[in-house]
Amino acid sequence: MVISPLLLAITAALSVPGPGPATAPTLSEPGPVYDGRRGHVAVVIPRIDASNDVDGVLNEPVWQQAATLTGFSQFFPNDGVAAQDSTEVLVWYSGTALHVGIRAYAPTGSVRATLADRDKITQDDNIQLFLGTYNDSRQALVFAVNPFGIQSDGVLTETGAASGGGFQSSTAKGREATDLAPDYVWRSKGRLTDFGYEVEITIPFKSLRYRAGDEHTWQLNVVRTVQATGHEQTWTATSRASSSFLAQSGTLTGLRNLQRGLTVDLIPTITSSAAGAPGGGASQWSYSTERPEIGGSARWGVTSNLTLSGTANPDFSQVEADATQYSLDPRAAVYFAERRPFFLESQEQFTTPNRLIYTRRIAQPVFATKLAGKHQGFDIGVLSAMDSRDASATGDHSPLYNIVRLQRDLGKQSRLGMVYTDKIDGNRWNRVLGVDGRLVRGVYSLTGQLASSFTGGEGETVRAPLWDISLQRNGRAFYARYAFTAISDHFDAQSGFISRNGVSNISATHRWNIFGKRGGLVEVFSPEVYVLGRYRYVDLVNRRPAQDAQLHLRTNTRLRGGWQIGAQFLREEFGYDRPLYSNYVLLRPKTAGGVDTVAYTGTPHLPNVDWVVSIGTPEFRRFSFNSAIVWGQDENFQEWSSAKILNLNNTLTLRPTEQLRMAGTWVYEAFNRKTDGTSVLLRNTPRVRVEYQLTRQFFIRTIGEYSIVRQDSLRDDSRTNLPIYLRQANGSLTRASAFERRRARLDVLFSYLPTPGTVFYLGYGDILQANTPGGPDALRRTSDVFFAKLSYLFRLQ
C-alpha cells in the first residue's frame, strides 16, 4: 500500500485523541416509550454496559431497559395516517455499540422472507434504520434487515435528484434512493414468529463515522416495508410535502463516552485466474495462467469521522459481468456502475452533479490512497491513484489521477461544494474545476453547478464550460421540477462520466398526486406532464431553435395491494444531427457511367408519436412481474428516417423456496422502416439469473445471457434510397451491409461471504460468438476464464 505525503499531512493535522474508559455496567428501570404519532421523537437512549448475544431472540433482561419506539405512520403511498401494522423498535447502547431490537407484528402468513444474499432484500419485508450520525439532515447511514436478519446497508445522501418518469410504472415514493454500494461490519439475526417476526441488531461504533466529542445527538428514523400491502411506514410522522426526508427524523440523545478503540482494518487479497482462448488448430483450446496476484487494502480511522485508506494491486471487480445494455439514442454513452470494494467505500463523499467523478475511469490501478470523512462542517474526499501503463493512451506512461471533493454545510439542510479532478498521462493532462450547491427551503430546493474543463499537453490548452441549475418543488399533491443544463462541445471530464457533451437541455416536469379513499381500490393516481427542448450547445449560444423537442403525458396508478399501472403518450420531434453521420457517403451512378460521391444529408426533422403501457405486480410470496411496452413511430437512427418500433422490457422474479431465487429479463427492440415495413434493426436479449443460498454465508449463482443484433443493409431511406457507404479512417469506402451478431455468455459463481472484507469467490465465465458475415456462423466459444479470489478482514481491536 502506498500513502501519499499529502494525505499523511492532512490526517496528522486532523487527528484527535480517543474517548476515555467505559463506566461500570448499570441497569435501570424499564425504558420509556416514544410514540412517533404523538411527536415523542427525542429519544433519551439508555446506556447499559452489558454484553449481548445476537441470536434473534429478544429475551435477555437487557431489552427490558431499552427505549421503545412505536406509533408508526404510513408514508407511502399515502402519508398522514396511522400504520396498519404495529411495530416496536427497542434501542440502547453500550460503550462500544448501538443495539436495536425489532418486533414487527403482521397477520399470519403475510410476511415475505427469503434467505437472500446481502443487499438483495428489497423484495422481502424489511426494516431500515436511517442513522444520521452527524445530525445534519443531509446524510444518513442505512442499516436494513429482512425477517431472517439478512443485511442490506448503504448511505442516503440527499441531493435533490429527480424522481419518477421513465417507462416502467412506478409512483414516486417521495424520497431519494439509498446507495447500497458501501458495506459495513455489523451483526444481525432474525426469525419468524407467531406474531410476525423479530430481529436483533448490533452496530459497532468502529463501523460508524461521527463527530468527536463527549456527548452526541444522532438523527434516527425507522422505515418498515410491508410487501403484502406495498406500504412503507415510518416511526416519525414523516410528510411527503418536504424537500428532505432526513430532516423529519427523530433524535437519539445522551450518547456519551463512545469507545471506538483502535480502528485499523487490514484486508490482504490473493487472486488467480486462467484465461482460455483458441489455440493453433481449429479444435485446440489453450489456457494461459499467471502466478497468483497478491494485493490488499488497509483502513485507518484517523478520527471518529475521518478514514484514511489505501490499496495496492486491488482485486478485479467482475465477479458478475455487466449486463448487456443498449442506448435508445446512439449519441449518448451507456453508464456502468462501479463495483470494486475499495472505490465503493465512502463513495458518497465523491458524489457530484453530472458525475464529474467516475472512478471506473481508473481502469487497472496499481495503487490508490483515499481520505474521506467530515471535519468542522466540511465533507472531505481526497483520492490519488496510479493506473497501469496498459490504460495509457500511448502505453509509455502510468496515468495519474488526483481527485478532491469538498462540501460545506450551510444552515440546516443547504450545502456548498467544490470538485477538482486531475489526470496526467505523460505529456497530456486534463483538469476539471467546479462548484455546486443546494439551497433548501421547505418544499423547495434549488440546485446548481458550474464547472470548467482544461485539457492540454499537445499544443493549445482547451477550456470549456458546463452549466447546470434546477428548481424543485416536492409537495404532497403537486411536484414540479425545472432544469437547465448546458455542456460545451469541448467539455472533457476524463476523470468523470458525461454521457453526451455539446448539448443543452431545458425541461419542466409537473406531477399531481391524487389520493384515493383509505381502503379504496385506487391508492394514488399520478398524472404527469414532461416537456424538454434539446439544443446543440452552439445553437443555444447563438439563439437558434432547439434540435429536439419532447412532450410526454404520463399517468401512473397504484392500486390496493401494490399493483402498479402506467400509460404514456409521447409526442416528439428530432432534428438531424450532422456530426453523427459525418462518415456516411452516397454513391450516385452517372448517366455516362461511373459514380459521383454525394454527401449524406438527412431529413431536417423527424416526427415521433409513441405509446407506452406498463404494469407491475405486488411482491407476491413466490413471484413478481414488471413489464413495459413501447410502440409507435420513432426515429431510425441507422438511416435517419422514420420507423415503426416495438420495445418490450420484461422482468419476472420467482422465489420457489426461501433459498432459491430466479430472475429473468427480456429486452426486445424492433425497428421497421415506415416506407415499406422491412426490418432495419432488431435487438433481442434474454437474461436469466439463478441463485441458491446454501446458508446465510454461502451461495451459488448462475447467469446466462443470449443477445442478437441484426441490422439490414443501410440505404438512404425515404429520400434517394441509394446504398449507404461508410468512410473509413484511411479514406476508403465500405458498404454498410447487413449483418447479424450473436453473443452468449455463461457465468457461474460460488461465494462465501461471512462479513464484508472476508470473501472467497470461485467462478467461471464463458463467452460464445457467431457473426454473419465474418463467421463463425454458429455460436462458438471465443474465450473463457476460471478465477478465484480470497480476502480476509483483520480488524485490529
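Residues numbered from 1 in each chain as written. Predicted model: local features only at pLDDT ≥ 70, side-chain atom pairs only at ≥ 80, totals over all residues. Heavy atoms only, no water.

Q: Go over the side chain of Asn608 with me, naming the residues and quoting the values.
A: Tracing the sequence through the fold places Asn608 in strand β35 (residues 605-616). Within the structure, Asn608 has its side chain in polar contact with the side chain of Glu635 (distance 2.5 Å). With sequence-adjacent residues up to four places away left out, Asn608 is seen in contact with Leu570, Arg571, Glu572, Phe574, Gln633, Asp634 and Glu635. (Helix = DSSP H or I, 4+ residues; strand = E, 2+ residues; numbered from the N terminus. Polar contact = N/O pair within 3.5 Å; in protein donor to acceptor, adjacent residues only side chain to side chain. Contact = heavy atoms within 4.5 Å.)

Q: I'd like to hear about the sheet that holds strand β34 (residues 595-599), residue by residue, with values.
A: With antiparallel pairing, 4 strands are arranged side by side in an open sheet as β34-β33-β41-β42. Lying at the two open borders of the sheet, with one neighbouring strand each, are β34 and β42 (733-735). Strand-to-strand, the axes of this sheet are offset by a mean angle of 40°, without reference to chain direction. Taken together, the 5 bridges between strand β33 (residues 584-589) and β34 define a ladder with antiparallel strand orientation. Within the sheet, the bridge partner assigned to Val585 lies in β34 and is Ala599. (Pairing = 2+ DSSP bridges. Axes fitted to C-alpha atoms, helices over the stretch in contact; angles between N-to-C directions.)

Q: Which residues make up the packing of aromatic side chains, and what values do they have?
A: Within this structure, the stated rule accounts for 32 aromatic pairs. Pairing Tyr210 with Trp218 gives two aromatic rings, centres 5.5 Å apart and planes at 50°, and the pair type is tilted. As far as the burial class goes, Tyr210 and Trp218 line up, both buried. Through successive ring pairs, a cluster of aromatic residues spans Phe574, Tyr576, Tyr581, Tyr584, Tyr600, Phe637 and Trp640. Positioned above the aromatic ring of Tyr335 is the side chain of Arg355, whose terminal nitrogen or guanidinium carbon lies 3.7 Å from the ring centre. Just above the ring of Tyr134 sits the side chain of Lys374; from NZ or CZ to the centre is 5.2 Å. (Phe/Tyr/Trp six-rings, centres within 6.5 Å; stacked < 30°, edge-to-face > 60°. Buried < 20%, exposed > 50% of the residue type's maximum accessible area, 1.4 Å probe, protein only. Lys NZ or Arg CZ within 6 Å of the ring centre and 35° of its normal.)

Q: Quick one: what's the story with the nonpolar core, residue by residue and with numbers?
A: Counting residues in hydrophobic clusters, the biggest one holds 39 residues, and the most contacted among them are Leu69, Val91, Phe143, Ile201, Leu208, Val222 and Leu252. Of all the elements in the fold, those that place two or more residues in this core are β3 (67-70), β6 (87-93), β7 (97-105), β8 (126-132), β9 (139-145), β12 (196-204), β13 (215-226) and β15 (250-256). For Val222, the contacting residues outside a window of four places in its chain are Leu69, Phe72, Val89, Ile127, Gln128, Leu129, Gln233, Thr234 and Trp235. By size, the runner-up hydrophobic cluster in this structure holds 23 residues, among which are Leu586, Trp640, Val680 and Ala736. (Core = buried A, V, L, I, M, F, W, Y, C linked by side-chain atoms within 4.5 Å.)

Q: Describe the pattern of salt bridges, and please don't skip the residues or the numbers.
A: One pass over the full model with this rule turns up 50 salt bridges. Note that Arg415 and Asp409 form a salt bridge whose closest N and O atoms lie 3.5 Å from each other. (Salt bridge = Lys/Arg side-chain N within 4 Å of Asp/Glu carboxyl O.)

Q: Lay out the sheet that holds β7 in plain terms, naming residues and giving numbers.
A: Either a parallel or an antiparallel arrangement is found when strands of a sheet pair, and the pairing is made through backbone hydrogen bonds. Strand order across the open sheet formed by 6 strands is β1-β3-β6-β7-β12-β11, with mixed pairing between neighbours. Strand pairing shows two members of the sheet lacking a second neighbour, β1 (33-35) and β11 (187-192), which therefore form its edges. Here the average twist between neighbouring strands, direction ignored, is 15°.

Q: Outline the pairing of strand β22 (residues 400-410), supporting the account with residue identities and numerical values.
A: Moving residue by residue along a regular strand, the side chains alternate between the two faces of the sheet. Only one face of β22 is buried: it carries Tyr401, Ile403, Arg405, Gln407 and Asp409, and the other face, with Leu400, Asn402, Val404, Leu406, Arg408 and Leu410, is open. Alignment of strand β21 (residues 378-387) against β22, held across 9 bridges, turns out to be antiparallel. Bridged to Asp379 within β22 is Gln407. As defined by bridge partners, β22 adjoins strand β23 (residues 414-425) across 11 bridges and the pair is classed as antiparallel. Looking at β23, one finds that Ile403 is bridged to Thr421. The hairpin formed by β22 and β23 contains 3 residues between the paired strands, and Gly411 there has a positive phi angle of roughly 65°.

Q: How would you summarise a nonpolar patch on the surface if you had to cite specific residues and measurements?
A: Taken together, the side chains of Leu262, Leu266, Trp300, Tyr792, Phe794 and Leu796 present a nonpolar region at the surface, about 550 Å² in accessible area. Here Trp300 is to be found in strand β18 (residues 293-303). By relative accessible area, Trp300 is classed as partly exposed at 34%. (Patch = residues over 30% accessible without salt bridge, like charges linked within 9 Å, V, L, I, M, F, W, Y side chains within 5 Å. Areas by Shrake-Rupley, 256 points an atom, 1.4 Å probe, with all protein chains shown as cover.)

Q: Quick one: what's the story with the pairing of β6, residue by residue and with numbers?
A: The buried fraction of β6 amounts to 6 of the 7 residues, a majority that puts the element mostly inside the structure. Taken together, the 3 bridges between β3 and β6 define a ladder with antiparallel strand orientation. When the bridges of β6 are listed, Ala67 appears paired with Val91. Of the strand pairs in this sheet, β6 and β7 are connected by 7 bridges, and their pairing is antiparallel. Within β7, the position partnered with Tyr93 by the bridge is Leu98. Linking β6 back to β7 in an antiparallel pair, the connection comprises 3 residues.

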